[in-house]
Amino acid sequence: KLSLNTSMKTYWLCLDEMNLAPVEQYFADYLSVLETRSWDGDTYSTEALVKPSAYEEEARRTLREGLGLEEDSPLWSFFMEKGIQLAPNLVVAGTVNMDETTHGFSRKVIDRAYTIDFGDFFPNHFDQFFAPQTRPKKLGYSRLSSVDRSEPISAEDPAGTKSIQFLTDVNEIFKDTPYQLAFRALNELLVTVKCFSPADDEHLKAVWDDFLMAKLLPRVEGDLQKIGQGDASLLKKLAKLLELKGFEGNRPDLLSESVSGGEVETEFRSTRKIDWMQKRLDDNGFTSFWP
């Protein structure tokens, strides 16, 4: 276990073009260990990504000497007892292009990632090329791996009841399909609500909107037989539900702000993407989240 140092830096590992090879073939161990992250107050732990038993004695000695560590050093002792764990200050990001030269993602990978479609989250405003009016917000680094009800999750959804009902309604549409979400998704939705702390209904719906874009819609792909035709289309049913939930007009942008630091608005991203995916299904008989 590691105790948090408040001055701990955040390190980014960027995997460029990460889907030139099937992700599951080289990232399976990481994805599995990712599920074991937990915080207990300021103490963090995971299962070992690399166990000391993976090295023969001579290989361990070569590794230790290569790292410049003494046999009785605290860091080496930690490795011999716990192995190499995932560090709490490591963020792994990967860039992908989705075309005929790359590999698609299984739902196992998508479920454990947070998908950001830059075309939707950070569109190109050519008229602001010389004088930008917005900028990305600076985001904090959350230590949450789950939430509980011992303290309010947010002002607008203190017990998480509204978010739980929202995901329940969404899941009802996708019942008995491969696109149905599980407890992992609910936990991540509640963590996201906790992190953004929406103070009113508009900001809560903005959290839900981005969550659909990042966690649900990337899972949806298939033909007319899989997704349905006409009014039976899962996408049309989802669009109708979101209309009933008030996903219309503009909403606060949680990831961007004006250059002066003020709040800016954006369209509901998920409804626009759903319309695009449905048109693609109607035109081609097949659709997916990816352009």
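Before any of the text, the structure's been laid out above.
Computed from a predicted model, the values in this text were never measured in an experiment.

**Q** How do you make sense of the side chain of His203 when you look at a structure like this?
**A** Note on placement: His203 falls in helix α8 (residues 201–216). In this structure the side chain of His203 is engaged in a polar contact, spanning 2.7 Å, whose partner is the side chain of Asp200. When sequence neighbours within four positions are dropped, the list of residues in contact with His203 reads Pro198, Pro252, Leu254 and Glu263.

**Q** Would you mind going over the environment of Ser233 with me for this structure?
**A** Along the chain, the position of Ser233 falls in the loop between α9 (224–227) and α10 (234–244). The buried category is assigned to Ser233, whose relative accessible area is 0%. Counting along the chain gives 60 residues from Ser233 to Ile173, while the straight-line C-alpha distance between them is 9.9 Å. Among residues more than four places away in sequence, those in contact with Ser233 are Ile227, Gly228, Gln278 and Leu281.

**Q** How do you make sense of the pattern of salt bridges when you look at a structure like this?
**A** Side chains bearing opposite charge may pair, as long as their charged atoms lie close to each other. All chains considered together, the criterion is met by 20 salt bridges. Among the salt bridges present, the one from Asp120 reaches Arg272, with a minimum N-O distance of 3.0 Å. Taken together, the residues Asp120 in helix α5 (residues 118–121) and Arg272 in helix α11 (residues 269–284) connect sequence positions 152 residues apart. Residues Asp283 and Lys279 are paired through a salt bridge, measuring 2.7 Å at the closest nitrogen-oxygen approach. Here Asp283 and its partner Lys279 are both found in helix α11, four residues apart, which amounts to about one turn of the helix. Via salt bridges that share partners, Asp117, Asp120, Glu267, Arg272 and Lys273 belong to a single interconnected network.

**Q** Could you clarify how one ought to interpret unusual backbone geometry in this entry?
**A** Leave glycine aside and you will find that most residues have negative phi; peptide bonds, for their part, are mostly trans. With phi around 65 degrees, Asp176 is a residue other than glycine that occupies positive phi space. Position of Asp176 among the secondary structure elements: in the loop between α6 (161–173) and α7 (183–196). Judged by its relative accessible area of 72%, Asp176 falls in the exposed class. Residue Ser197 is not a glycine yet carries a positive backbone phi of 45 degrees. Assignment of secondary structure puts Ser197 in the loop between α7 and α8.

What counts as what
- Residue positions are counted from 1 within each chain, in the order its sequence is given.
- With pLDDT at 70 or above as the cut-off, local features in this predicted model cover only qualifying residues; side-chain atom pairs require 80 or more to be listed or tallied, and sums for whole chains, interfaces and linings still use all residues.
- Only hydrogens and water are removed before side-chain values are computed, so all heavy atoms of the structure are retained for them.
- Labels follow the DSSP assignment, with helices taken as runs of H or I lasting at least four residues and strands as runs of E lasting at least two, numbered in each case from the N terminus.
- The definition of a polar contact used here is a pair of N or O atoms within 3.5 Å, where within protein one atom must be able to donate a hydrogen and the other to accept one, and adjacent residues in sequence count solely through side-chain atom pairs.
- The contact definition used throughout considers only heavy atoms, calling two residues in contact when any of these lie within 4.5 Å.
- To sort residues, take the accessible area from a 1.4 Å probe on protein chains only and compare it with the maximum for the residue type: under 20% means buried, over 50% means exposed, and anything in between is partly exposed.
- Definition used for salt bridges: Asp or Glu carboxyl oxygen within 4 Å of a side-chain nitrogen of Lys or Arg.

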